[in-house]
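# Inside the fold
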Amino acid sequence: MSPERDVSTLLGRRIAELTGESPDASRLARQQLRLDQRMRRPAGRRRLALALAAGVAAGVVGVLVLRSSAPPALRFSIDGGSAPSAAPVWVRAPAGRAVEIAFADGSALALEGGAVGRVVDVTSGSVRAALESGRMQARIHHRPGVEWVVDAGPYHVRVEGTVFTVTWTPASETLEVSVAEGIVRVDSDAKIQAQTRVTAGHTLRIGGDGKDVVLGSAAEAPGGAPPVAAPPPALPTSRLPPPHVRRAAPPPAGPVGGDGSSHVRAGWREAAARGRYAEAHAEAIQQGLFDDLTRADAETLWELATIARYARDAKRARDVLLRLREVGPPSERTHLAAFFLGAVAADLGRNESEAVEWLETYLREDAAGALREEAFGRLMRSASALGRPAEAAKAAARYLREFPRGAYQKAAHEMAREPYDERKENPREP
Amino acid sequence: MPRPDAQEPESAEVIELALEPSSPAALVAGLVARDPRAGRLLCARFGATINRLVARLLGPDQEHDDVVHQIYANVLAGVASVREPALFDRWVTRVAILTVRREIRARTYRRLLRFGVSEPEPADEKTTPQRMLLRSFYAVLGKLAADERIIFVLHHVEGRTLPEVAELRGCSLATAKRHLARARAAFEVAARLDPVLSAAVEGGHHEP
């Protein structure tokens, strides 16, 4: 080939060498982060426009639109993480501390210290989790059309909206299910053929060969199942402090706890770590931990707020959360405190007006908060309860903008249809 | 000061179980479901290819990352329409090429609307022989039509065969050949008039 005809090839090869094969890792990481953020954002106007256009078309296009408008899978986060997680995911709780898997609809699965579990699959119609070993507390906010199943070895615990504890010991192949609220059904791959219903206040224990099935009251359970604290079913308030918060925990001889001896302090903390919140709450009161919150550091305040919420002690929970917001600089935890102040006000204090204020505060302070969807849902509910349809419609419209396919979209659409007169919200100056 | 006997509580051990990397179907399903891990897998699998294509089709560009992001956005927007996950690799490459094509055409229109006012050069760019060569090369390419430019780069810079180029560009082999012939003719005339490119050609001919 003549040199004249090689100019393109020659320069092309030279340019290929100069441009290289791959950008540097930091650039790729930045691009990945940007894509990650985009994927976590709800779809924008473009998708809506496409969906509307498709909706006009008939036949196949219509089917596609229906498929694209299917409700999304329930979102969840692990151990107070700000970013949603995705199934399948494997989780091990460290010894002595519970780890919570919190779902956007308020349901929660708490792995007690040392337990190992998995979130196997989460779709719009089902949530499947597995307990590999140890104990898991579940608080399920059941919604029609959503099936919850917890697998433990060969057994499947099917949930009908409830609070229960599952313990699975792989070595002895022993299953124990204690139900505090609602009903669960237990079946297995092979070892027991029929389903066993376990109702509130009862414990089912199945021995190693699957034949030793005992169903009794929780108090007389063969395995000595601990009493299960029953927090409000619709509240996502069982969130434990995020890992970074706990890592910042003070040594046992911190400023709280009376005489400073570690065994005194370990009592309520250990009970909380084991999920015995009522016991932890009583112990903390006995130790006077709620009496002088100015001496408590942020980590302890968070723990106290958690056990107070679990124990449905609205006043102490509120006091501690308010103190928590006073002590530290703005952080994810202080933002979460605002959310929980709203939740406590609505669910325990029956003060919807205060709930609205705190939820608005949370939404304002944490633009990327993990609980924004839940906060919007609560805001809509509280505004409705207060008889403020315009405010509820406004919250619904904001929610739909941010979570067009969110878990509360149906309710939000209904509320957003309420006549909303902006002039009422923003009266003109005289 | 922490006490020597203080023990920090362990954090939870969380392992995201990977999507099956060898399964394009799993990747497509993950992207349709907006699974963040699928996004990471998309970046890991196609990041190098997409960046290389953008760099070679556009040249050094201040908006490189924006174009790459737009490609990812277009992939997300269209992934639900993928019917054959086995051909997902090729589909992503086509989306990348189409996105860059759209960008080139948009820039052409913008330039026309500015009535010949040229875009400012990056101020902080140091002049090196390599940069001068790149700048000259893409200045010449900038005079070609979008399709001619793309086909030229895919064939001469990317080293893809003409049937491959035709498939990626979504045109017939004859059309690809016609575009390439036109692009080569225009490019080679302009390259010989450009001192940097002609020097590079001369130097290239003398390389062992």
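Residues numbered from 1 in each chain as written. Chains lettered and ligands numbered in written order. Predicted model: local features only at pLDDT ≥ 70, side-chain atom pairs only at ≥ 80, totals over all residues. Heavy atoms only, no water.

When helices and strands are tallied, chain A shows 15 helices and 14 strands. Of all 430 residues assigned to chain A, the portion counted as buried reaches 47%. Counting every atom, chain A has about 19,600 Å² of accessible surface; 53% of that belongs to carbon and sulfur. (Helix = DSSP H or I, 4+ residues; strand = E, 2+ residues; numbered from the N terminus. Buried < 20%, exposed > 50% of the residue type's maximum accessible area, 1.4 Å probe, protein only. Areas by Shrake-Rupley, 256 points an atom, 1.4 Å probe, with all protein chains shown as cover.)

The helix and strand inventory of chain B stands at nine helices and one strand. Per-residue burial over chain B gives 45% buried out of 208 residues. Only carbon and sulfur atoms are counted for the fraction: they give 56% of the accessible area of chain B, which is about 10,900 Å².

Before going further, it helps to spend a moment on unusual backbone geometry. Residues and elements named next belong to chain A. With a phi angle near 50 degrees, Glu173 is a residue other than glycine that sits in the positive phi range. Locating Glu173 in the fold gives a position in the loop between strand S9 (163-169) and strand S10 (174-181). Within the chain, Arg312 stands out as a residue other than glycine whose phi angle is a positive 60 degrees. Of note, Arg312 is situated in the loop between helix H8 (298-310) and helix H9 (314-327).

Bringing the packing of helix H10 (residues 332-347) of chain A against helix H11 (residues 352-365) of chain A into the picture now. Residues and elements named next belong to chain A. One way to put it is that H10 packs onto H11 with a least axis distance of 7 Å and a crossing angle of 160 degrees. On the basis of the axis angle, H10 is roughly antiparallel to H11. When the axes of H10 and H11 are compared, the crossing they make is left-handed. Contacts from Thr334, His335, Leu336, Ala338, Phe339, Leu341, Gly342, Ala345 and Ala346 in H10 reach Glu352, Glu354, Ala355, Trp358, Leu359, Thr361, Tyr362 and Glu365 in H11. Each residue belonging to the contact of H10 with H11 can be placed in one class, and the counts come to ten nonpolar, four polar and three charged. (Axes fitted to C-alpha atoms, helices over the stretch in contact; angles between N-to-C directions. Parallel < 35°, antiparallel > 145°, perpendicular 65-115°, else oblique. Left-handed = near helix turned anticlockwise from the far one by under 90°. Contact = heavy atoms within 4.5 Å. Nonpolar A, V, L, I, M, F, W, Y, C, P; charged D, E, K, R; others polar.)

Membership of the largest hydrophobic core comes to 60 residues, with the highest contact counts inside it found for A:Leu11, B:Leu31, B:Phe88, B:Phe137 and B:Phe187. Considering every element that reaches this core, the biggest residue donor is helix H2 (residues 36-58) of chain B, with ten residues. Non-local contacts of A:Leu11, meaning those with residues more than four positions away in its chain, are made with B:Leu133, B:Phe137, B:Phe187, B:Ala191, B:Leu197, B:Ala200 and B:Val201. In terms of nonpolar packing, the next biggest core, distinct from the first, is built from 50 residues, A:Tyr277, A:Leu293, A:Tyr310 and A:Ala383 among them. (Core = buried A, V, L, I, M, F, W, Y, C linked by side-chain atoms within 4.5 Å.)

Our focus in this paragraph is the side chain of B:Arg56. Residue placement: B:Arg56 occurs in helix H2. Separated by 3.0 Å, the side chains of B:Arg56 and A:Thr19 make a polar contact. Residues contacting B:Arg56, with those up to four places away along its chain left out, are A:Ala16, A:Thr19, A:Gly20, A:Glu21, B:Tyr138, B:Val153, B:Val157 and B:Glu158. (Polar contact = N/O pair within 3.5 Å; in protein donor to acceptor, adjacent residues only side chain to side chain.)

This brings us to the confidence of the model for chain B. Residues and elements named next belong to chain B. When pLDDT is averaged along chain B, the result is 82, and 82% of the positions lie at 70 or above. Looking at the elements of chain B, mean pLDDT is at its lowest for strand S1 (residues 13-16), recorded as 72, and at its highest for helix H6 (residues 146-157), recorded as 95. Scored as a complex, the prediction yields pTM 0.43 and ipTM 0.81. (pLDDT = per-residue confidence, 0-100.)

One side chain can pair with another of opposite charge once the charged atoms of both are near each other. Counted according to the given criterion, the structure contains 36 salt bridges over all chains. Of the charged contacts, one joins A:Arg34 and B:Asp66 as a salt bridge, the two residues approaching to 3.0 Å between their closest N and O atoms. Placement of A:Arg34 in helix H2 (residues 25-40) and of B:Asp66 in helix H3 (residues 64-78) is noted, with the two residues assigned to different chains. Assessed through its relative accessible area of 39%, B:Asp66 is described here as partly exposed. Between B:Arg160 and B:Glu164 there is a salt bridge; the shortest N-O distance is 3.4 Å. For B:Arg160, a relative accessible area of 14% corresponds to the buried category. On the basis of relative accessible area, B:Glu164 is assigned to the partly exposed category, the value being 22%. Each of the salt bridges in this network shares a partner with another, and the network as a whole consists of B:Arg52, B:Arg56, B:Arg90, B:Glu158, B:Arg160, B:Glu164 and B:Glu167. (Salt bridge = Lys/Arg side-chain N within 4 Å of Asp/Glu carboxyl O.)

We now examine H6(B). With twelve residues, H6(B) ought to run about 16 Å at 1.5 Å a step, and its terminal C-alpha atoms sit 15 Å apart, in line with that. Judged by how many residues are buried, H6(B) sits mostly within the fold: eleven of twelve residues are covered. Buried within H6(B) we find B:Ala146, B:Asp147, B:Glu148, B:Arg149, B:Ile150, B:Ile151, B:Phe152, B:Val153, B:Leu154, B:His156 and B:Val157. Against the buried residues of H6(B) lie helix H1 (7-19) of chain A together with H2, helix H4 (88-113), helix H5 (129-141), helix H7 (162-169) and helix H8 (173-193) of chain B. A positive backbone phi angle near 75 degrees is found at B:Gly159, which sits one or two residues after H6(B). (Expected span 1.5 Å × (residues − 1).)

A few words on the packing of H1(A) against H6(B). Relative orientation of the contacting elements H1(A) and H6(B) amounts to 80 degrees, with a least axis distance of 8 Å. By the angle between their axes, H1(A) is roughly perpendicular relative to H6(B). Contacts between H1(A) and H6(B) involve A:Ser8, A:Thr9, A:Gly12, A:Arg13, A:Ile15 and A:Ala16 from the former and B:Phe152, B:His156 and B:Val157 from the latter. Of the residues that constitute the contact of H1(A) with H6(B), the class distribution is four nonpolar, four polar and one charged.

A few words on the environment of A:Leu304. All names here are of chain A. Of note, Leu304 is situated in helix H8. The exposure class of Leu304 is buried, given its relative accessible area of 0%. Considered as a pair, Leu304 and Leu321 are 17 residues apart in the sequence and their alpha carbons are 8.9 Å apart. If near-sequence neighbours (up to four positions away) are discounted, Leu304 is found in contact with Trp268, Ala284, Leu289, Phe290, Leu293 and Val320.

Residues and elements named next belong to chain B. Compared with an ideal rise of 1.5 Å per residue, which puts 15 residues at 21 Å, H3 spans 21 Å between its outermost C-alpha atoms and is within 8% of the ideal. Where burial is concerned, most of H3 is hidden: twelve out of the 15 residues are buried. What H3 keeps buried is the set His64, Asp65, Val67, Val68, His69, Ile71, Tyr72, Ala73, Asn74, Val75, Leu76 and Gly78.

Right, let's talk about the packing of aromatic side chains for a bit. Residue and element names in this part refer to chain A. Inspection of every chain in the model, using the stated rule, returns 15 aromatic pairs over all chains. Between Phe76 and Phe103, the aromatic rings sit 5.4 Å apart at their centres with planes inclined by 35 degrees, giving tilted as the arrangement. Placement of the pair is Phe76 in strand S1 (residues 76-78) and Phe103 in strand S3 (residues 99-103), with a sequence separation of 27 residues. Assigned by exposure class, Phe76 and Phe103 land together as buried. Here Phe376 and Tyr399 contribute two aromatic rings whose centre-to-centre distance is 6.1 Å and whose plane-to-plane angle is 65 degrees, an arrangement assigned as edge-to-face. Remark: Tyr399 occurs in helix H13 (residues 389-402) and Phe376 occurs in helix H12 (residues 372-385); sequence separation between them is 23 residues. In terms of burial, Phe376 and Tyr399 fall into one category: buried. Across from the ring centre of Phe340, 3.9 Å away, lies the NZ or CZ of Arg309, which sits over that ring. One Lys or Arg, Arg316, reaches over the ring of Phe290 and ends 5.6 Å from the middle of that ring. (Phe/Tyr/Trp six-rings, centres within 6.5 Å; stacked < 30°, edge-to-face > 60°. Lys NZ or Arg CZ within 6 Å of the ring centre and 35° of its normal.)

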